[in-house]
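The chain contents come next:
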Amino acid sequence: MALPVHLEELHYYGLQQNNIYSLTKIEHPDGKNKLLVSSLSKKISCLSFKHDPKLEAKTDDIQFHYVPHDAEIVSIDAYSRRHCGLVVGITFIKRDTNSCFLNVYSEGENSEEWDLTRIAQSCQHFELKFIPYRLYHGKLEGKDETVFLLSGNDKNMHMFRENSENFFQQTPPAQVTEFFPEFQNLHSVPLWWDSEVQNNRRLTVIGFQDATISLLIVNITTKEVQKFERSHESPITCVRIFQTSKLVKCPQFVKEVLGEDEYDEVNPFCSQEQNDDLHIVASSALQGVVVYRNILSKHLDNALTLPESDKYDCILSLLATDIDFDGENEIIIGTYGHQVIIYKYVDNEKYQVIWQRSFADPVLGVQALDLTFDGMSELVVLTLKGVSVMQHELSSVTKLVVNRLKALFQYNEDKDAFEELQEENLER
Amino acid sequence: MRTVSFKENLTFLYDGMVSSNALSFGDVDNDGKNEMFLGTTSGDIFIYKFDSKYPWKTAGNLHMITSVGCGPVCNTGKNLLVCLTVEGWCYFFDISPTNDESDNFIPSTPFDSSSRFVGEEAKPELENDEGDAISANHSEDDQFSDFDNLGESQNDFNFDANNESMNIYSNAYTITPSFQQKLLPNNKCFCITDINKDGEVELVIGYSDRKVRAFKWSENEFKLVEEWTLAGLLGSVSWCNNPDLQSVDLIVSQPGGTYCTLKFPDSDKVNSEFPGPYLFYHPLGSRRARNPDISTEVIGNIKRCKDGETVYYSAICTLDGTITVVDYDRIIWSLIVDRKLFSLHKIDIMGDGSEEIVACSWDGHTYIISLDQDVVRFDFPQHVASFSTGSYCSTEKDYNKPCLAYASFDGCIRVYNNLPLSSISIKSLESDLKQNAAVKSIIDQYFASSPDPTKATASAESILCQLSNYALYGLSLNLQRRLSNPIHLVQKKRKARSRSPKTTKPQS
């Protein structure tokens, strides 16, 4: 039931020069998603679509305060706070003094502020004693709190946390390891990391500049860390941790109408007893992409190389998402050689190229996000000089949605048959 | 404005400078597959076929070529390549497959002025200065190309034309004009169409001295049939179907974003109260205040098929960035951009029978405009010497595909022949789903509750969004089997075997 992938360029945002840490998503609770892209030359653009009344693409240049004129922006990140409201972090290097800074922008604790132009005015300024690399956010377990994590050339992971008065503070290293024991005693600069929480365990994978990839399994209550390492031959540019399948939950109003619980997700790859459905995909600068499958049992031993992934120069970005609507995640890679390639896991043994396209500039990042408010994710491709938004060919997707909705609502009466089918689905 | 970035292109090499009307497409060898041809200001014609970057055929020593085109000018039904020079020479070339290389065409040796101009006096080499300029440009480009094209050898954008220019002629046959005639000098552009309903085409030439003349092939030469004198300098000559008269209107652009229709006097009315040719100026009065002398281009006969009806429009663009769609004296709509538009063409990019207007600026911004008032922009990354649209066949097995062609100042023509556009406007799944009857009835049946109409539409949109999101990303695995197995089969199966326990092992 997978739909043949056929993506077309919906819009191309022409921007200035970007880097691999330039793209961040803003996921609005109302589904009004946006992209925030920083360019090397101080310019930060918010990319979105709007109905006016036709659907149109929009680029807003946001003037973030206290970013000096000669700043070179290294990385940008944004997250939404536990209550509401947006927090944006920007790291940059000031050219004249070669000093590095992190600026954090957010409105007060209880504000439900999503307006970027207002957020951009309230700034907190940190001078950094190291060169910043990737800025990302992580959740503190059990606290329902999100913090900024910043990797630096001092081989440390730095944490910035908001206190009760809504001021951000750099957390002392001892406390960082208390929350994130996996980040202590790093032997090199982390270029990229990704985490997934499952059954009181947090699995973190870190890609280092010295070509090693570390898988750390943290027991959240005891803080015990299991560590597995594997060395590639060149710096790790990107790592992602992913499940075979991650299904969207059934909306509440559908459940109410159908009056059943069975419509909820059944993930055939993930039963309660044997929970071994996590995989890692990692790319290194000079080699192809490697997928480590079933990391909970096999750790980093079950490696699969993606065919042809080493033919298009350095691979700079990876993404695991469901692109063909069959419920299983595909792997999308973006290369410096202008290519975006989508791989699908077939026959339970290998990855196969199912789509490929060449772009006008080197590809620095790939993301999936619904920008057009229609429930379908677009593929966002960050290139050296712009952002391409790729959309599925609409007529075939429309047909698919209509068929599925018809099936969902018309089979409602026949509950027995549905249960039967669900079991068959599990027994494959 | 929607923007796209086309990537796939074919590169072809040429040598010299090209004027803005001297790049075109057409089936010059009458084999059903289109070729591209280009004339330079130094008097060379290059004809390209399929994907070879070198010319397929060339012709030289024709002096400054202002425009090229292709059409059955001799009314024999055979397409001929027509080329006009600024001195007034009209050449045409018969390149049909039967007329093979053996007798008419001499294979040329690699670029060498003495052998290229066999039988005629070699012209002084003017290309040297231009060649230097190209190389200066290029050293800069090459630095970037090293950066940009790491690991990308195919379609190398910054092709070093200078090194290759010596070899341009090596694979090409030199052709000689089948016919030449001195017409009047100062021509600028031409079009080939039947303007007087006699079933035979005329060659209509626009001159830079405010004249338009129509010539017709008879008794082995072009004879002047009609002459019009205009009030202002013309930019381009085009024609538009006139369904009322069952004929075509000749249209000529006039400065300041206006145009003029040229009528051919009806033979039965020649002696009546309106002798002589007719000129109808279309002032398009409701325009905003503008420069009345701005140079203007016009394109006619833009076909629009909607609801089974076919209508023809014309479009006008000005150098100061206005594109206007007109129907006689009526402005349908207009668009203002901040680019210097110099070239206006049309193309059926989506293959739906309706044509789109394509306007290109000197710095490469290309606007593709549908008659539904949607615009999409493509930024060609270089300055443009000449721009054209048409259809081109890139391989022997392929068919003619719509394409955009740019001749840049570095001796390359880039042809974008794979234009992946299925609509001009930005569309989302939502609008397609809303039009679907099944989805409508599901939403009406299950989710139409709110009596307040404004509230209802707002929530309907979010319901639709969440439903499609769930259908795409949540339902797939649960529904797959259900859709592929009809109910009765399932029920049979159920009777046949006992119920299995609910927890089963996952796929290993």
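The rules behind each value
- Residues numbered from 1 in each chain as written.
- Chains lettered and ligands numbered in written order.
- Predicted model: local features only at pLDDT ≥ 70, side-chain atom pairs only at ≥ 80, totals over all residues.
- Heavy atoms only, no water.
- Helix = DSSP H or I, 4+ residues; strand = E, 2+ residues; numbered from the N terminus.
- Contact = heavy atoms within 4.5 Å.
- Areas by Shrake-Rupley, 256 points an atom, 1.4 Å probe, with all protein chains shown as cover.
- Core = buried A, V, L, I, M, F, W, Y, C linked by side-chain atoms within 4.5 Å.
- Buried < 20%, exposed > 50% of the residue type's maximum accessible area, 1.4 Å probe, protein only.
- Pairing = 2+ DSSP bridges.
- Axes fitted to C-alpha atoms, helices over the stretch in contact; angles between N-to-C directions.
- Domains from an automatic or database assignment.
- Phe/Tyr/Trp six-rings, centres within 6.5 Å; stacked < 30°, edge-to-face > 60°.
- Lys NZ or Arg CZ within 6 Å of the ring centre and 35° of its normal.

Examining the overall build of chain A
Piece 1. Summing up its helical and strand segments, chain A has six helices and 28 strands in all.
Piece 2. For chain A, the share of sequence-separated contacts (at least 6 apart) that also reach a separation of at least 24 residues comes to 52%.
Piece 3. Carbon and sulfur atoms form 45% of the exposed surface of chain A, whose accessible area is close to 16700 Å².

Topic: the nonpolar core
Piece 1. If you look at the biggest cluster of nonpolar residues, it comprises 37 residues, and the most contacted ones within it are Ile 280, Ile 331 and Ile 333 of chain A.
Piece 2. Among the elements that take part in this core, strand β18 (residues 236–243) of chain A stands out by supplying five residues, more than any other.
Piece 3. Dropping the residues within four chain positions of it, Ile 331 of chain A is found in contact with Phe 242, Val 281, Val 291, Leu 306, Leu 319, Ile 341, Ile 342, Tyr 343 and Tyr 351 of chain A.
Piece 4. Judged by nonpolar contacts, the second largest core, of 30 residues, contains Met 376 and Val 397 of chain A together with Ile 442 and Ile 443 of chain B.

What about the sheet that holds strand β4 (residues 44–51) of chain A?
Residue and element names in this part refer to chain A.
Piece 1. Strand order in the open sheet formed by four strands is β2-β3-β4-β5, and the pairing between neighbours is antiparallel. The open sheet has two free edges, formed respectively by β2 (23–26) and β5 (55–62), since each of these has just one partner strand. Put simply, the sheet's adjacent strands are angled 25 degrees from each other on average, direction ignored.
Piece 2. Examined bridge by bridge, strand β3 (residues 34–38) and β4 share four bridges and lie antiparallel to one another. Counted as the bridge partner of Leu 36 is Cys 46 from β4.

Comments concerning the domain arrangement of chain B
Piece 1. The domains assigned to chain B are domain 1 (2–98 + 165–416) and domain 2 (429–476).
Piece 2. Taking only C-alpha atoms into account, the centre of domain 1 of chain B sits 48 Å from that of domain 2 of chain B.

Quick notes on the packing of aromatic side chains
Piece 1. Here the structure, examined in full by the defined rule, presents 29 aromatic pairs over all chains.
Piece 2. Seen in terms of ring centroids, Phe 183 of chain A and Trp 193 of chain A are 6.3 Å apart; in terms of plane orientation they differ by 75 degrees. Their pairing is edge-to-face. In this pair, Phe 183 of chain A is assigned in the loop between α2 (173–179) and β14 (190–198) and Trp 193 of chain A in strand β14, connecting sequence segments 10 residues apart. Each member of the pair, Phe 183 of chain A as well as Trp 193 of chain A, is classed as buried.
Piece 3. Ring centres 5.9 Å apart and planes at 65 degrees place the aromatic pair Phe 25 of chain B and Tyr 392 of chain B in the edge-to-face group. Residue Phe 25 of chain B is located in strand β3 (residues 18–26), and its partner Tyr 392 of chain B is located in strand β29 (residues 384–392); the two are separated by 367 residues in the primary sequence.
Piece 4. Residue classification places Tyr 392 of chain B among the buried residues on the basis of a relative accessible area of 0%.
Piece 5. One aromatic cluster in this structure is built from Phe 6, Phe 378, Phe 380, Phe 387, Tyr 406 and Tyr 416 of chain B.
Piece 6. Just above the ring of Trp 193 of chain A sits the side chain of Arg 134 of chain A; from NZ or CZ to the centre is 4.9 Å.
Piece 7. Against the face of Trp 56 of chain B rests Lys 57 of chain B, its NZ or CZ located 4.4 Å from the ring centre.

Thoughts on the environment of Asp 361 of chain A
Residues and elements named next belong to chain A.
Piece 1. Examined against the element boundaries, Asp 361 turns out to sit in the loop between β25 (350–358) and β26 (363–369).
Piece 2. In this structure the C-alpha to C-alpha distance between Asp 361 and Val 218, which are 143 residues apart in sequence, comes to 39 Å.
Piece 3. Residue contacts for Asp 361: discarding those within four places in its chain leaves Tyr 12, His 338, Thr 383, Leu 384 and Lys 385.

A short note on the pairing of strand β14 (residues 202–207) of chain B
All names here are of chain B.
Piece 1. Counting buried positions over the six residues of β14 gives six, a clear majority of the element.
Piece 2. Judged by which residues are buried, β14 turns out to be covered on both faces: Glu 202, Val 204 and Gly 206 on one side and Leu 203, Ile 205 and Tyr 207 on the other are all buried.
Piece 3. Bridging between strand β13 (residues 187–193) and β14 involves six bridges; their strand directions are antiparallel. Directly across from Cys 189, in β14, lies its bridge partner Gly 206.

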